[in-house]
Amino acid sequence: MQATTIKEVLQHIFDETAGGNGRPFVDALHDDVVWRIIGTTSWSRTFVGKASVLKDLLAPLRAQFDGANTIVAHRILCDADYAVVEARGRNTTTAGKRYENECCWVIEMKDGKMKSIVEYADTALMESALSPLQA
C-alpha cells in the first residue's frame, strides 16, 4: 500500500473519530489485528484478533465514557506499510472525570486494514480516570 493511500485512509478514519463516529475505525481493523498497549496498567496488554479488540478492549472502554469516544489526530506520518498517528481524546467518563489522553499509535497496514497497533499513551491518566480493565 502506498504511503499516500495509507495516510488518506487514516485521515478519513480520524476525521470521523473527531466527530464521535468510531465505525470507520472499527471497520478498518484487520480480522487478525494485534493491538498492544504499552505500560504496566491493567489496560496494558496485547489484544489479538478483531473480536478480542472489540470485546475485551473497546467495549469496556466505551462503557466508561459518557458519550462517544472522540479522538482527534494531530499528525499522521506514513512510510511504506506503517503509519504513526499522534492524537488526543476528548472524552468524559461516566464518573465525570475528564479523559483527554494523548496517545501515539504505530500502525501497520495490510490490505487496507490496520494489522497491528502499538499504543503509547498517558498510562497514569488511564489509571486515575478509568476503572481497571478486568483480566
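Just above sits the structure.
What comes next concerns the included structure. (Residues numbered from 1 in each chain as written. Predicted model: local features only at pLDDT ≥ 70, side-chain atom pairs only at ≥ 80, totals over all residues. Heavy atoms only, no water.)

1. A short note on the nonpolar core
Which entries qualify depends on this criterion: Put simply, buried Ala, Val, Leu, Ile, Met, Phe, Trp, Tyr and Cys residues joined by side-chain atoms within 4.5 Å make one nonpolar core. Per-residue accessibility, obtained with a 1.4 Å probe over protein chains only, is compared with the maximum for each type, and a residue is labelled buried under 20%, exposed over 50%, and partly exposed between these values. The contact definition used throughout considers only heavy atoms, calling two residues in contact when any of these lie within 4.5 Å.
One finds Leu10, Trp35, Trp105, Met114 and Ile117 to be the most contacted residues of the largest nonpolar core, which totals 35 residues. Setting aside chain neighbours within four positions, we find Leu10 in contact with Ile76, Ala83, Val85, Ile107, Met109 and Met114.

2. Some details on the pattern of salt bridges
Cut-off, in case you're wondering: Salt bridge criterion: a side-chain nitrogen from Lys or Arg within 4 Å of a carboxyl oxygen from Asp or Glu. Each helix corresponds to a stretch of at least 4 residues labelled H or I by DSSP, and each strand to a stretch of at least 2 residues labelled E; elements are numbered beginning at the N terminus.
Enumeration according to the criterion identifies 5 salt bridges in this entry. Its salt-bridge partner being Asp27, residue Arg23 comes within 3.2 Å of it at the nearest N-O pair. Here the residue Arg23 and the residue Asp27 both occupy positions in helix H2 (residues 23–27), the gap between them amounting to 4 residues, near one helical turn. With a shortest N-O distance of 3.4 Å, Asp56 and Lys55 are connected by a salt bridge.

3. Topic: helix H3 (residues 50–63)
Basically, it comes down to this: The length a helix should cover is 1.5 Å for every residue beyond the first.
Helix length check: H3 (14 residues) gives 18 Å between terminal C-alpha atoms against 20 Å at 1.5 Å per residue, within 8%. Of the residues making up H3, those classed as buried are Lys50, Ser52, Val53, Leu57, Leu58 and Leu61.

4. So, unusual backbone geometry
Outside of glycine, negative phi angles account for most residues, and trans bonds account for most peptide bonds. We note that Ala80 has phi near 55 degrees; this positive angle belongs to a residue other than glycine. Accessibility expressed as a relative area gives 46% for Ala80, which makes it partly exposed. Its identity as a non-glycine residue notwithstanding, Asp111 has a phi of 55 degrees, on the positive side.

5. Focus on the environment of Ala129
Locating Ala129 in the fold gives a position in helix H4 (residues 123–129). The class of Ala129 is buried, set by a relative accessible area of 8%. Expressed as a C-alpha distance, the spacing of Ala129 and Asp31, which sit 98 residues apart in the sequence, is 30 Å. What Ala129 contacts, discounting residues up to four positions off in sequence, is Thr93, Lys97, Arg98 and Tyr99.

6. With respect to the environment of Thr17
Within the secondary structure layout, Thr17 lies in helix H1 (residues 3–18). Look at Thr17 and you get buried, because its relative accessible area is 3%. Placed 72 residues apart in sequence, Thr17 and Gly89 show a C-alpha to C-alpha distance of 9.4 Å. Setting aside its immediate chain neighbours within four residues, Thr17 contacts Gly22, Phe25, Asn69, Thr70 and Ile71.

7. Quick word on the sheet that holds strand S1 (residues 29–37)
Keep this limit in mind: Criterion used throughout: strands pair if DSSP finds at least two bridges between them. Here an axis means a line fitted to C-alpha atoms, over the contact stretch when the element is a helix, while the angle between two N-to-C directions is reported on a 0 to 180 degree scale.
With mixed pairing, 6 strands are arranged side by side in an open sheet as S2-S1-S8-S7-S4-S3. The open sheet has two free edges, formed respectively by strand S2 (46–48) and strand S3 (71–79), since each of these has just one partner strand. Pairwise comparison of adjacent strand axes, ignoring direction, gives a mean angle of 20 degrees for this sheet. Pairing geometry for S1 and S2, over 3 bridges, is antiparallel. Counterpart to Arg36 in the pairing with S2 is Thr46. Along the sheet, H3 makes contact with S1 and S2, crossing S1 at roughly 45 degrees.

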